[in-house]
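Residue-level listing of the chains:
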Amino acid sequence: MHRNATRTAVRTLACAAVPMLLAAGCSSGSDGGDKARPTPSAPSSSVPPSPAPVKFTTLPDPCKTLPEKTVEDVVPEAEGGGKNLGSKDADGYGTCLWSGLDGYQYRALTVSLKRFDSDLTLGSGAERAAEYAGQQVAAVGEDKENQKVEEAPLDGVGDQATTISFETERKSGKKTEEYREQRVVAVTGNVVVVVDYEGAGLEEDRTPKADDIRKGAERAAKDAVKAVK
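Presented here is a report on the structure given in the accompanying data block. Note that residues are indexed from 1 along each chain, following the sequence as it is written. Local features in this predicted model are restricted to residues of pLDDT 70 or higher, and side-chain atom pairs are both shown and tallied only at a pLDDT of 80 or more, whereas totals for entire chains, interfaces and linings draw on every residue. Heavy atoms from the whole structure form the basis of all side-chain values; hydrogens and water molecules are not counted.

Although it is not a glycine, K148 adopts a positive phi angle of roughly 55°. Secondary structure elements are defined from DSSP: runs of H or I of at least 4 residues count as helices, runs of E of at least 2 residues count as strands, and each element is numbered from the N terminus. Within the secondary structure, K148 sits in strand 4 (residues 147-153). You will see that E204, though not glycine, has its phi angle at about 65°, which is positive. With respect to the helices and strands, E204 occurs in the loop between strand 7 (191-201) and helix 4 (210-227).

What follows is the structure in structure tokens.
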């Protein structure tokens, strides 16, 4: 009697379990199957970073940055159309020199152009140009041979400009000549324009006025900046 009751109970539990297993199997076959399928990933839209665009991609011939009238007034008796000091990278750097001797009055003028491209590591062309310009300004004061160094901002020349006046002495044989000098450093876009202008009265001739040297350098700088296109 006891064995029959036990068998009857087992059959009852087994029969009750079958519907639950079937139900579970159907449930996992529908919901579980959909969840198991991998979802296609969206194509990557990331683009490698590129350097910032620059304003200028070339440089003019430095010897053609100044009008003839400016050269005639600033460097009397200048030889030829200026001496191009040359560069292997004409679109990146260039310098021109004008010099002349009117009686015993000596004048020399240089216009240097330097262009910067943008670099992901070093910064944009404009940022690199501004950094270089600061170095060119600081170099005047760092040279111990330069005396009476005075610098000031120069408005209306490029994006920003600085004008620096100073004096130096140079030996010529047994004599020592006093030179008045002016440097103008201007930034326009990603290009730096550096103008160096100097004058001296040789053989004990009068030393040029500092104001005349300043005006000549600033005039040349304005013309050179306009020539950068």
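Along an α-helix, a turn takes 3.6 residues, which lines up residues three or four apart on a common side. Expected helix span is taken as 1.5 Å per residue step, with the number of steps being one fewer than the number of residues. Spanning 18 residues, helix 4 covers 26 Å between terminal C-alpha atoms, matching the ideal 26 Å at 1.5 Å per step. Note on exposure labels: buried denotes an accessible area under 20% of the residue type's maximum, exposed denotes more than 50%, and partly exposed covers the range between, all computed with a 1.4 Å probe on protein chains only. Burial in helix 4 covers these residues: I213, G216, A217, E218, A220, A221, D223, A224 and V225. Close packing links the buried residues of helix 4 with helix 2 (68-74), strand 3 (105-115), strand 5 (160-172), strand 6 (175-188) and strand 7. Residue contacts are counted whenever heavy atoms from the two residues lie within 4.5 Å of one another.

Ring geometry is summarised as follows: Phe, Tyr and Trp rings, the Trp one being its six-membered ring, pair when their centres sit within 6.5 Å, and such pairs are stacked at plane angles under 30 degrees, edge-to-face over 60 and tilted between the two. Scanning the model with the defined rule gives two aromatic pairs in all. Ring centres of Y106 and Y179 lie 6.3 Å apart, and the angle between their planes is 75°; this geometry places the pair in the edge-to-face category. On the criterion of sequence distance, the pair formed by Y106 in strand 3 and Y179 in strand 6 is long-range, its members being 73 residues apart. Here Y106 falls in the partly exposed class, since its relative accessible area comes to 22%.

For strand 7, the tally of buried residues reaches 10 of 11 residues, placing the bulk of the element in the interior. Two strands pair if DSSP finds at least two bridges between them. Pairing between strand 3 and strand 7: 11 bridges, direction antiparallel. The partner of L109 across the bridge, within strand 7, is Y197. One ladder, built from 10 bridges, connects strand 6 with strand 7; its direction is antiparallel. Looking across to strand 7, one finds that Y179 is bridged to A200. Hairpin remark: strand 6 followed by strand 7, antiparallel, with two residues in the connecting loop; positive phi at G189, about 60°.

In terms of residue burial, strand 3 counts as a mostly covered element, since nine of its 11 residues are buried. Of the strand pairs in this sheet, strand 2 (residues 93-102) and strand 3 are connected by 10 bridges, and their pairing is antiparallel. Paired with D102 across the two strands is Q105, which belongs to strand 3. Linking two consecutive strands that pair antiparallel, namely strand 2 and strand 3, is a turn of two residues; a positive phi of about 70° is found at G103 within it.

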